[in-house]
Amino acid sequence: MSSGRLAGKIALVTGGASGLGAATARKFAAEGARVLLTDIDTDGAARVAADIGDAAASCRHDVTSEADWQAAVAEAEAKFGGLHILVNNAGIAPAGTVEDTSLEEWRRVHAIDLDGVFLGCKLALPLIAATTAREGSRGSILNVSSIAGIIAAANMAAYNSAKAAVRHLTKSVALHCAKERYAVTCNSIHPTFIDTPIIDKMIGDRDRAQLLAKFARQVPVGRVGEPDDVAFAALYLCSDEAKFVTGAELYIDGGIAAM
Ligand code: NAI
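So, how was this worked out
- Residues numbered from 1 in each chain as written.
- Predicted model: local features only at pLDDT ≥ 70, side-chain atom pairs only at ≥ 80, totals over all residues.
- Heavy atoms only, no water.
- Helix = DSSP H or I, 4+ residues; strand = E, 2+ residues; numbered from the N terminus.
- Contact = heavy atoms within 4.5 Å.
- Near = heavy atom within 4 Å.
- Polar contact = N/O pair within 3.5 Å; in protein donor to acceptor, adjacent residues only side chain to side chain.
- Areas by Shrake-Rupley, 256 points an atom, 1.4 Å probe, with all protein chains shown as cover.
- 1 Å grid on protein atoms, 1.4 Å probe; cavity = no way out; pocket = protein on both sides within 12 Å on 5 of 7 lines; lining within 4 Å.
- Sits in = over half its atoms within 2 Å of the grid points.
- Nonpolar A, V, L, I, M, F, W, Y, C, P; charged D, E, K, R; others polar.

1. Some thoughts on the side chain of Thr 192
Logical step 1: Structurally, the position occupied by Thr 192 is in the loop between strand E6 (184–191) and helix H6 (197–203).
Logical step 2: Contact partners of Thr 192, with chain neighbours within four places excluded, come to Ile 147, Val 219, Ile 252, Asp 253 and Ile 256.

2. Considering the site of the ligand
Logical step 1: What surrounds the ligand is a group of 27 residues, the closest being Ser 18, Asp 39, Tyr 159, Thr 196 and Lys 201.
Logical step 2: Here an oxygen atom of the ligand and a side-chain polar atom of Ser 18 are 2.6 Å apart.
Logical step 3: Within the backbone of Leu 20, a nitrogen or oxygen atom sits 2.8 Å from an oxygen atom of the ligand.
Logical step 4: Computed on the free molecule, the ligand has an accessible area of 820 Å², of which 95% lies beneath the protein chains in the complex.
Logical step 5: Judged by its atoms lying within 2 Å of the grid points, the ligand is housed in the largest pocket.
Logical step 6: At the level of elements, helix H1 (19–30), helix H5 (157–179) and H6 are the ones that each hand at least two residues to the shell around the ligand.
Logical step 7: The dominant element in the shell around the ligand, judged by the number of residues it contributes, is H6, at three residues.
Logical step 8: Looking at side-chain class alone, the shell around the ligand contains 13 nonpolar, ten polar and four charged residues.

Have a look at this one:
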């Protein structure tokens, strides 16, 4: 039996090929969990899983697809025998004001950043509830929103909308689990700028170091975050240590929301 803060837990992390998903999966495995990393980037997810070792597996999974969700949840059960933890992490963050966001782009952002989280909560919850009921253990769902789900910006119309909806959906899921007496919590986290490949997708032709320095000036502690700043928070919220924490929102923002 493995030891660690997530000993015996089975986790599914979406968007596990990159950035926060990869860091979270590594952290979970280091703390004793077995982890299924899913992503549309099949090769990337397989690379991270291989690097973690026997405690990890990967599969292709588009979070906007109900059929892919069913297959990913079935894969967790087939590979590891159940599911305790879901981290709804996969996401995109394209910029755009309300005037220059096309309806197609609006729908794409909501399909990945919001519908993907809804489908995950809906389709993974039955297996998490069944696994925890069978074992007398505990489970959790963690939804990766953003500080952009709390504080808006002029040029993030679709992202602000989707991430704000994730925050509130989380509370509904938490209350549903509580009402059903599932031993399952549901919380959201709200990071500010974290140095991951998502930043590269935002950069365009701008200088990376200059952009990170500009972001850092907006953060009271004077720097952007590291993936582990988020992974440590995910570890706590998905561990049994947080069993009385549900429907909560944790800002991982270097103090931005305190202003
Ligand atoms: P990233 O771009 O490094 O990783 C995102 C992963 O999601 C990629 O591996 C990508 O292939 C995957 N993905 C995209 N669309 C998908 C789909 N339809 N189905 C399955 N996988 C898909 O980004 P990062 O930074 O790791 O972001 C992870 C989450 O954290 C996102 O939800 C993002 O909005 C959120 N976040 C990130 C912040 C940051 O500054 N890095 C700040 C606040 C929130």
